[in-house]
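Listed below, chain by chain, are the residues.
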Amino acid sequence: MVKVFLAEDEFLIRNGIKNSIEWEKEGYQFVGEASDGELALPMVLKEKPDILITDIRMPFMSGLELSSLVKKELPDIKIVILSGYDEFEYAKDAIHIGVARYLLKPVSSAKLLETLGEIAGQILQEQKEKELKDEYLREMRENEELKKMKFFGELVSGNISLADAIAKGKTFNMNLSAQVYKIILFKIHNPACQGSLSDSFIEAYEEIENTAGSLPYVYSFQRGADGWAFLLVSDALEEMEAREERFIKAIVNVTCRYPEIEYFGGSGTSVLRLRELGNSFHNADCAFASRFTKEMNQIASYPGSTMHQNIENFDCNSFAELEQTHNVINKFLNNGTLEEVGSFVNACFQEIPEKQFQSTIMRQYIIMNIYISVMSFCEKILASTGSCTDQDTRAADDEAMKQAVLTAESVSDIKVYIGHLLGRALEIRNAASGRRYSDIIKTAIDQIERTYMSDNISLNTVAANVGMSPSYFSSIFSREMGMTFTEYLTKMRMEKAEELLACSSMKTSEIGYKVGYKDPHYFSYIFKKMLGCSPKKYRSDRKGEDK
């Protein structure tokens, strides 16, 4: 209901207004009263009414003074001035402040109700317009993030010309006309909360985004479960080094304020041309993949040296001892993705001294050691699901391993075999446990299916339900589903609307309301945008087909 507050110094008039109207019956909520402006001000700011009714002359603080102060804090509030003085100067001051109505005393309850009704109608219309605007802005923000992700793919793949890249960058408020470019990949993780996100993770995620957004030379791209890709630009190599140092220090300082959060980053090499950005990304990706072989809480730089470590006396050659291979392989198989296999293999082999591959026995040992680790992992996964490897498949795996042991003569041969082996293991894991974040996406989709007709459903409410920040949830949903949250919700609503148009006699406005659109004009606009025709035409065309 529309909330009303009353400030009037004359007790009889204040009581008369308060008691002569059945507020709730008329659609209003009477939230408070005060005998002067000084008492009214803190109460109004606390209750945030939609309408303030105030006498123009009161002790301690006049109605005009009160109105002026309230308008500064609550610009959308509507103010009704009551006055026994029919003077033009008061009216001029009231207009300047932005008072909605100026009524002369004595005012009847009927006249006051009529005035309040007009104002309430205006308030409700403004609220409806604001909701539509907010919905539109949410949709635009989601679409912009998805477009940015695609744009980043174009930049690092080189599938866009320099002129197009600069022009497209401007649409995202990115100035890509620079002399030096660098990619930094960065991810945070809370090891104590597997499968869910803690409040501290969400806070840290949002704070890192805000920190990156505050630096004019840093452009961020969300990568969902893989964190962020940050593009740094500068006009000189020395300046790039300084900017990288400042940026890394800023985001590491944010993360360090959350002791339970771990982080890892990969810094690529600086490149002098935008079309060479793919090289910087490739190098950053290789450095980023070393998170599987190195300690957390550091930024690794290509080709494997580290900087900004938080771990004292960390041995960056810790993987050189081959007996640790099993732990590293298991860590990757539990947390890695198919897309990361190549980078992971490269990261692993960077840690093994080249001389070890010169021995045939050592090459064979490496292959067999990794094979045993992978097969052990697969057997454990299958056992947990009540499945087992059939004999033919196991025999084929054993034969492939023997062939690899006998024929692998170079590091590249071993990499190909290990990559294939890890890929198969991840496919088994994914088949057994489903896609990453499948439970989160399923929960979100279940909520959408249950509440798609509610005007309260939004990216924020669904993200809160699955325990994620809206921006993080949005990037994961887009990545997993291939469309934004808003696109998915709209698609479901339109499918339900199509069913009702074809199979019911409900009016189109009723159908719009039924599927979550309180404004019939907005429903018709979205329907036509999605299906290419109005709801009425869709219904008439379907009836024609039925005949």
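Residues numbered from 1 in each chain as written. Predicted model: local features only at pLDDT ≥ 70, side-chain atom pairs only at ≥ 80, totals over all residues. Heavy atoms only, no water.

Along its length, the protein chain carries 21 helices and 11 strands. Within the protein chain, the proportion of its 547 residues that are buried is 47%. The contacts in the protein chain between residues at least 6 apart in sequence include a share of 68% that link residues at least 24 apart. (Helix = DSSP H or I, 4+ residues; strand = E, 2+ residues; numbered from the N terminus. Buried < 20%, exposed > 50% of the residue type's maximum accessible area, 1.4 Å probe, protein only. Contact = heavy atoms within 4.5 Å.)

So, about the packing of aromatic side chains. With the rule as written, the count across this model stands at 19 aromatic pairs. Relative to Phe-247, the ring of Phe-230 has its centre 4.9 Å away and its plane inclined at 70 degrees; by these criteria the two rings are edge-to-face. Residue Phe-230 is found in strand E8 (residues 228-234), and its partner Phe-247 is found in helix H8 (residues 237-256); the two are separated by 17 residues along the sequence. For Phe-230, a relative accessible area of 0% puts it in the buried group. Overall, the relative accessible area of 0% leaves Phe-247 in the buried class. For Arg-291, the ring lying beneath its charged end belongs to Phe-288, and the centroid distance is 3.9 Å. Sitting over the ring of Tyr-517, Arg-493 keeps its end group 4.9 Å from the ring centre. (Phe/Tyr/Trp six-rings, centres within 6.5 Å; stacked < 30°, edge-to-face > 60°. Lys NZ or Arg CZ within 6 Å of the ring centre and 35° of its normal.)

For the coordinates displayed, the defined rule picks out 11 salt bridges. With a closest N to O distance of 3.0 Å, Arg-101 and Glu-118 form a salt bridge. Of this pair, Arg-101 sits in strand E5 (residues 101-104) while Glu-118 sits in helix H5 (residues 109-157), and the two are 17 residues apart along the sequence. With a relative accessible area of 27%, Arg-101 lands in the partly exposed category. (Salt bridge = Lys/Arg side-chain N within 4 Å of Asp/Glu carboxyl O.)

Attention shifts here to unusual backbone geometry. In this structure, Lys-48 takes a positive phi of about 50 degrees despite not being glycine. One can find Lys-48 in the loop between helix H2 (37-47) and strand E3 (51-55). You can call Lys-48 partly exposed: its relative accessible area is 47%. Not every positive phi belongs to a glycine, and Asn-173 is a case in point at roughly 60 degrees. Looking at the secondary structure, you find Asn-173 in the loop between helix H6 (162-171) and strand E6 (180-189). For Asn-173, a relative accessible area of 67% gives the class exposed.

Right, let's talk about the environment of Glu-379 for a bit. With respect to the secondary-structure elements, Glu-379 resides in helix H12 (residues 360-384). Look at Glu-379 and you get partly exposed, because its relative accessible area is 31%. Expressed as a C-alpha distance, the spacing of Glu-379 and Ile-428, which sit 49 residues apart in the sequence, is 9.8 Å.

Moving on, we get to the sheet that holds strand E2 (residues 28-34). Read from one edge of the open sheet, five strands run E2-E1-E3-E4-E5, paired in parallel fashion. Every interior strand has two partners, whereas the edge strands, E2 and E5, have only one. Sheet twist, expressed as the mean angle between neighbouring strand axes with direction ignored, is 20 degrees. Relative to E5, strand E4 (residues 78-83) runs parallel, the two sharing four bridges. Note that in E5 the partner of Ile-81 across the bridge is Tyr-102. (Pairing = 2+ DSSP bridges. Axes fitted to C-alpha atoms, helices over the stretch in contact; angles between N-to-C directions.)

Right, let's get into the packing of helix H15 (residues 438-451) against helix H18 (residues 485-503). Two numbers describe a pair of packed helices, the interaxial angle and the distance between the axes. At a minimum axis separation of 10 Å, H15 and H18 run at an interaxial angle of 40 degrees. It follows from the interaxial angle that H15 and H18 lie oblique. Relative to H18, H15 is oriented so that their crossing is right-handed. Of the residues in H18, those touching H15 at Ile-445, Ile-448 and Glu-449 are Phe-485, Tyr-488, Leu-489 and Met-492. Here the contact of H15 with H18 is built from residues that sort into six nonpolar, no polar and one charged. (Parallel < 35°, antiparallel > 145°, perpendicular 65-115°, else oblique. Left-handed = near helix turned anticlockwise from the far one by under 90°. Nonpolar A, V, L, I, M, F, W, Y, C, P; charged D, E, K, R; others polar.)

A few words now on the packing of helix H7 (residues 199-213) against H8. Two numbers describe how H7 lies on H8: the axes approach to 9 Å, and their chain directions differ by 160 degrees. In terms of orientation, H7 and H8 fall into the roughly antiparallel class. Judged by the sense of rotation from one axis to the other, the crossing of H7 with H8 is right-handed. Taken together, the residues of H8 that come into contact with H7 (itself represented by Ala-204, Glu-207, Ile-208, Thr-211 and Ala-212) are Phe-247, Ala-250, Ile-251, Val-254 and Thr-255. Taken together, the residues that form the contact of H7 with H8 break down as seven nonpolar, two polar and one charged.

A few words on the pairing of E8. Most of E8 sits inside the fold, with seven of its seven residues counted as buried. Side chains Trp-228, Phe-230, Leu-232 and Ser-234 project from E8 onto one buried face, and the interleaved Ala-229, Leu-231 and Val-233 project onto a second face that is buried too. Judged from the five bridges that link them, strand E7 (residues 218-222) and E8 form a sheet pairing that is antiparallel. Residue pairing for E8: Tyr-219 is matched across the bridge by Leu-231.

Moving on to the nonpolar core. Here is a general trend for soluble globular proteins: nonpolar side chains tend to be buried in one another's company. Among the nonpolar cores identified, the biggest contains 86 residues, and Ile-188, Phe-230, Phe-247 and Phe-473 are the most heavily contacted of them. Residue contacts for Phe-473: discarding those within four places in its chain leaves Ala-444, Leu-459, Val-462, Ala-463, Val-466, Met-468 and Phe-485. Judged by nonpolar contacts, the second largest core, of 27 residues, contains Leu-333, Val-345, Cys-348 and Phe-349. (Core = buried A, V, L, I, M, F, W, Y, C linked by side-chain atoms within 4.5 Å.)

Attention shifts here to the side chain of Ser-267. In this structure, Ser-267 sits in strand E9 (residues 262-267). In this structure the side chain of Ser-267 is engaged in a polar contact, spanning 2.6 Å, whose partner is the side chain of Glu-244. Excluding anything up to four places from it in sequence, Ser-267 contacts Lys-182, Ile-183, Ile-184, Glu-244, Asn-283, Ala-284, Ala-287, Ile-299, Ala-300, Ser-301 and Tyr-302. (Polar contact = N/O pair within 3.5 Å; in protein donor to acceptor, adjacent residues only side chain to side chain.)

Within E3, five of the five residues are buried, which leaves the element mostly enclosed by the surrounding structure. Where strand E1 (residues 2-7) and E3 come together, four bridges link them in parallel fashion. Paired with Val-4 across the bridge in E3 is Ile-51. Handedness of the crossover is the feature at issue here: the chain leaves E3, passes through helix H3 (residues 63-73), returns alongside E4, and the resulting connection is right-handed. (Right-handed = clockwise from strand over helix to strand, strands pointing away.)

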